[in-house]
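# Observations on the three-dimensional arrangement
Listed below are the residues making up each chain.
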Amino acid sequence: MSSREPALTRISNWVIQLLISIDQFAYVLLAAPYYLIFGGVCPSADETISSRVGRAAMAGAWWGKPCAWAIDHLFMLLGSKPGHCARAIETAFLGMAPK
């Protein structure tokens, strides 16, 4: 976007990025106990809760589908299209901001 974009657009873009960073931080905090106790792959600071839940749902984890359903419906209430968690997976591994 242009550097001449309206101030409200710049503020909105910044708030979205701030919320994404808080989401990524929360994921690392929530995943840390499991990682520290059981090992496995270290939680990535580049992944959001939605992306991790989406991957779990796709892999068939018992908790993945119900959590993805809840998150997807929350985002639909906020005006997003269905499939938020699946879209978050795509963007997490392409290094793009979630759609």
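In short, a report on the structure. (Residues numbered from 1 in each chain as written. Predicted model: local features only at pLDDT ≥ 70, side-chain atom pairs only at ≥ 80, totals over all residues. Heavy atoms only, no water.)

Right, let's get into the overall build of the protein chain. For the protein chain, the count of helices and strands is four helices and zero strands. Helices and strands in the protein chain line up, N terminus first, as α-α-α-α. A total of 99 residues make up the protein chain; the buried ones form 25% of that total. Excluding contacts between residues fewer than 6 apart, the proportion of contacts in the protein chain whose partners are at least 24 apart in sequence is 34%. Accessible surface for the protein chain amounts to roughly 7,100 Å². Of this, 70% is attributable to carbon and sulfur atoms. (Helix = DSSP H or I, 4+ residues; strand = E, 2+ residues; numbered from the N terminus. Buried < 20%, exposed > 50% of the residue type's maximum accessible area, 1.4 Å probe, protein only. Contact = heavy atoms within 4.5 Å. Areas by Shrake-Rupley, 256 points an atom, 1.4 Å probe, with all protein chains shown as cover.)

For the rest of this paragraph, the subject is the state of the cysteines. Here a disulfide denotes one covalent bond, and it connects the sulfur atoms of two cysteines. In this structure the tally under the stated criterion is zero disulfides. Free of any disulfide, Cys67 has its nearest cysteine sulfur in Cys85, 8.6 Å distant. Cys67 sits in the partly exposed class, given a relative accessible area of 32%. Taking the relative accessible area as the measure of exposure, Cys85 reaches 2% and is therefore buried. (Disulfide = S-S within 2.5 Å.)

This part takes up the pattern of salt bridges. Summed over the entire model, instances satisfying the criterion amount to one salt bridge. Measuring nitrogen to oxygen at the nearest pair gives 2.7 Å for the salt bridge that ties Arg55 to Glu47. Taking the relative accessible area as the measure of exposure, Glu47 reaches 4% and is therefore buried. (Salt bridge = Lys/Arg side-chain N within 4 Å of Asp/Glu carboxyl O.)

Judged by nonpolar contacts, Val53, Ala57, Ala68, Ile71 and Cys85 together constitute the single largest core of five residues. Broken down by secondary-structure element, the contributors of at least two residues to this core are helix H2 (49-59) and helix H3 (64-77). With near-sequence residues (within four places) excluded, Cys85 lies in contact with Ser50, Ser51, Val53, Gly54, Ala68, Ile71 and Asp72. (Core = buried A, V, L, I, M, F, W, Y, C linked by side-chain atoms within 4.5 Å.)

Ser50, Ser51, Val53, Gly54, Ala56 and Ala57 are the residues of H2 that are buried. Of the residues flanking the end of H2, it is Gly60, one or two places downstream, whose phi is positive at about 85 degrees.

Owing to its 3.6 residues per turn, the α-helix brings residues three or four apart onto one side. Across its 14 residues, H3 extends 20 Å between first and last C-alpha, which sits within 8% of the 20 Å expected from 1.5 Å per residue. Within H3 the residues assigned to the buried category are Gly64, Ala68, Ile71 and Asp72. Down the axis of H3, the smallest arc covering the buried residues is 100 degrees, so these residues share one side. More than 90 degrees from the buried face of H3, the exposed residues found are Trp69 and Leu77. (Expected span 1.5 Å × (residues − 1). Arc of directions from axis to C-beta.)

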